[in-house]
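Working through the structure, step by step
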Amino acid sequence: MTTVSAGQRTRTRRITFLVALAVFAQESTWNFYESQVPPLLREHLTSAAVVGLLMGMDNLLGIFIQPWIGNRSDRTRTSWGRRMPYLVVGMPIAAALFVLIPHSAASLPLLIVVLFSYALVANTFKPIAEALVPDFIAPERRSRANAVVKIASSVTAIVAALISIFLVDHHLSLAFAIPAIIMLISIGVLAATVRDNRSPAYQAAVAESEEEHGAERTEPRVRDTFVEILKDTDRSRLLLLLAILLFGSAWAASRSLITPYGMEALDMSRGSAGGLTLPSGVAFILAAYPAAVLAERYGRLRVMAVGMTVFAGAMVLGTLIRTPTGATVALCLAAAGATCFLVNAVVVLWNLAPSARVFGTYAGLYTVGWAGGGFLGPAVVGGMVDITGWPLMLIDIALVAALSIIVVARIGVLQRRTALTLAK
C-alpha cells in the first residue's frame, strides 16, 4: 500500500512539474510583452488610455477565443490526448511572431498588426496548459499543484525583469528573442514527455461520453456550459467569474502600466522601470505555496479575500511612499497578496465543475474572466490616470481591487448559507 502511495506521489510531482513547464513556456513571452510593449506604443502615442486599450487587445481576443478553444480541446480525441496537439502547433508559431515585434516598431500600423497576430495565436493555447492541472491532479491537491504552476509563471516575470535591466536599453531585438527561445525549448521538452490521453480526466471523460451517448456521443458546448451557470440558482460560479474579471483588471493594470508609471511618476529610465517587478516576482514565488497550504487549512475564499486586501493596501502604501524603493516594496507586498487569489480562484472554479468533460471549458471561462480584466483594467486605469495623473495610478488600481474584494465576500456569504441549508 505504501509503495502504491509513493508511486502516486511521484507521478503527481512529475506531472505537476511538466504542467508548470507548459505554463512557463507560454508566460515566458507574455510577461516580457506586458513589460516592454507599452514603451514601444508610447513612441507613437501620448494617451495612457489608448496605450492601455492596445495592451488589452490580446485579452479582448482571448474573451472570444479561449472558451471556444478550451471547449474544442475538451472534445478532441487523439493518440496524443486532447491538449498537447494545440500546444505543439501553437507555441512555435507564437514564438516566431514574438521575435518580429521589435522589428516592426518603427511603424505603428505594422506594430499593431504583429501584436494582433501574436495575440491571436497565443490565445489559442493559453487556457490549454492550465487545463492539464485538473486533467491530471486530484481535487484535494490542485491548490498545491497550481501553486507550483504559478511559481513557474512568476519565474518568467523575474526573467523578463532581468532581460529588461540588462538588455532592453541597448539590445532590444535580442531581448525579445530570448523569451521566444525559452518557449521553443520548453515546448520541445513537453512534446517529448507528455501524453495527456493517459490523464485520469481524459479517460473519465471518454468513459462518461460513451456511457451516456454510445456511438452518437455529443459533448457540452461553450454555450451550454455558460447557460447552465447563468440558470443555476446558486450564483457562486457566476460571482466568481465576476471577481476574476475585477481582480484581473487590477492585476493587469499593475503589470501593464508599471513601466510608464516608473518613467513618468518616479523619473526612472525605461530599463530600470521595467525592472521594478523583479523583487515582486521573488515575493510571488515565496508566497505561492504557503497560499495553497493556508487555503486548504482555512478555506480558499477566506484566504483569497485576505490576499486581495493586502494587494489593495500595498497600492495605497506605494502611493504614500512615491519613490523607486517604495514602489518596489509595494509591488512585493501586492504580489504576495495577489498570490492568494491567483493560486486558488481557478481551483475553486475547477472544483465547481460538474464533470471532467468540461475542465477545458472551465479553464477557458476562467481565462475569459482574467482576459476580460486584462483588457478592461489597463484601459480603465489608463483613463483614470489621464484624469488624476500618473502619481495616483496605484490608488486607481486599489479602487478596482476593492470591488473584487466585495464580490468574493459575497460568495463567502452564499457558501455559508448553502452549508447551513444542507446541515438542516
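From a predicted model like this one, the values you see are computed outputs, not experimental measurements. (Residues numbered from 1 in each chain as written. Predicted model: local features only at pLDDT ≥ 70, side-chain atom pairs only at ≥ 80, totals over all residues. Heavy atoms only, no water.)

If you add up the space inside the second largest pocket, you get close to 200 Å³. Every residue lining the second largest pocket is listed: Y298, G299, R300, L301, R302, A305, V408, A409, G412, Q415 and R416. A per-element tally of the lining of the second largest pocket places helix α18 (residues 393-423) first, with 5 residues. Counted by class, the lining of the second largest pocket contains 5 nonpolar, 3 polar and 3 charged residues. (1 Å grid on protein atoms, 1.4 Å probe; cavity = no way out; pocket = protein on both sides within 12 Å on 5 of 7 lines; lining within 4 Å. Points joined across faces, edges and corners; volume = space filled by probe spheres on them. Helix = DSSP H or I, 4+ residues; strand = E, 2+ residues; numbered from the N terminus. Nonpolar A, V, L, I, M, F, W, Y, C, P; charged D, E, K, R; others polar.)

In this model, the protein chain carries an average pLDDT of 83, and 94% of its residues clear a pLDDT of 70 or more. The secondary-structure element of the protein chain with the lowest mean pLDDT is helix α9 (residues 200-213), recorded at 71, while helix α15 (residues 300-320) shows the highest, at 95. (pLDDT = per-residue confidence, 0-100.)

Before going further, it helps to spend a moment on the environment of G262. Along the chain, the position of G262 falls in helix α12 (residues 258-265). By relative accessible area, which is 0% here, G262 ends up buried. For the pair formed by G262 and A20, sequence separation is 242 residues and the distance between their alpha carbons is 31 Å. Among all residues touching G262, those that are not within four sequence positions of it are D267, M268, A273 and L276. (Buried < 20%, exposed > 50% of the residue type's maximum accessible area, 1.4 Å probe, protein only. Contact = heavy atoms within 4.5 Å.)

A few words now on empty space enclosed by the protein. What the rule picks out here adds up to 2 cavities of 30 Å³ or more. What lines the largest cavity is a set of 38 residues, among which E27, N31, S153, W251 and W370 lie closest to the centre. Top element by residues in the lining of the largest cavity is helix α7 (residues 142-168). It accounts for 7 residues. Residues that form the lining of the largest cavity fall into these classes: 16 nonpolar, 15 polar and 7 charged. Lining the second largest cavity, in full, are E130, V133, N146, V149, K150, V346 and W350. Of all the secondary-structure elements, those providing two or more residues to the lining of the second largest cavity are α6 (126-136), α7 and α16 (324-351). Of the residues in the lining of the second largest cavity, the class split is 4 nonpolar, 1 polar and 2 charged.

A few words on the packing of helix α14 (residues 278-298) against α16. Packing of α14 against α16 leaves a shortest axis separation of 7 Å and a crossing angle of 35°. Of the two possible hands of crossing, α14 and α16 adopt the one that is right-handed. Along the contact surface, α14 presents P279, S280, A283, F284, A287, A288, A291, A292 and A295, while α16 presents T328, L331, C332, A335, A336, T339, C340, L342, V343 and N344. Looking at the contact of α14 with α16 residue by residue, the classes come out as 15 nonpolar, 4 polar and no charged. (Axes fitted to C-alpha atoms, helices over the stretch in contact; angles between N-to-C directions. Left-handed = near helix turned anticlockwise from the far one by under 90°.)

Right, let's talk about helix α17 (residues 359-388) for a bit. The terminal C-alpha atoms of α17 lie 42 Å apart, and with 30 residues this matches the ideal 44 Å at 1.5 Å per residue to within 8%. Its axis deflected by about 25° at L376, α17 carries its strongest bend there, up to four residues before the proline P378. Most of α17 is tucked away, with 23 of its 30 residues classed as buried. Phi turns positive, to about 95°, at G389, one or two residues after α17. (Expected span 1.5 Å × (residues − 1). Bend = angle between axes of the 7 residues up to and from the residue.)

For helix α11 (residues 236-256), which comprises 21 residues, the first-to-last C-alpha distance of 29 Å matches the rise-based estimate of 30 Å (1.5 Å per residue) to within 8%. Of all 21 residues making up α11, 18 are buried, and the element is well covered by its neighbours.

What follows concerns the packing of aromatic side chains. Tallied over the full model, the rule gives 13 aromatic pairs. An angle of 55° between the planes, with centres 5.4 Å apart, marks the rings of F98 and Y118 as tilted. Taken as a pair, F98 in helix α4 (residues 84-100) and Y118 in helix α5 (residues 108-123) lie far apart in primary sequence, 20 residues in all. Taken together, F247, W251, F284, F311, F341, Y366 and W370 form an aromatic cluster joined through their ring pairs. (Phe/Tyr/Trp six-rings, centres within 6.5 Å; stacked < 30°, edge-to-face > 60°.)

Inspection of the secondary structure assignment puts S249 in helix α11. At 3.4 Å, the side chain of S249 and the backbone oxygen of G373 are in polar contact. Excluding its chain neighbours within four sequence positions, the residues that come into contact with S249 are G373, L376, G377 and V400. (Polar contact = N/O pair within 3.5 Å; in protein donor to acceptor, adjacent residues only side chain to side chain.)

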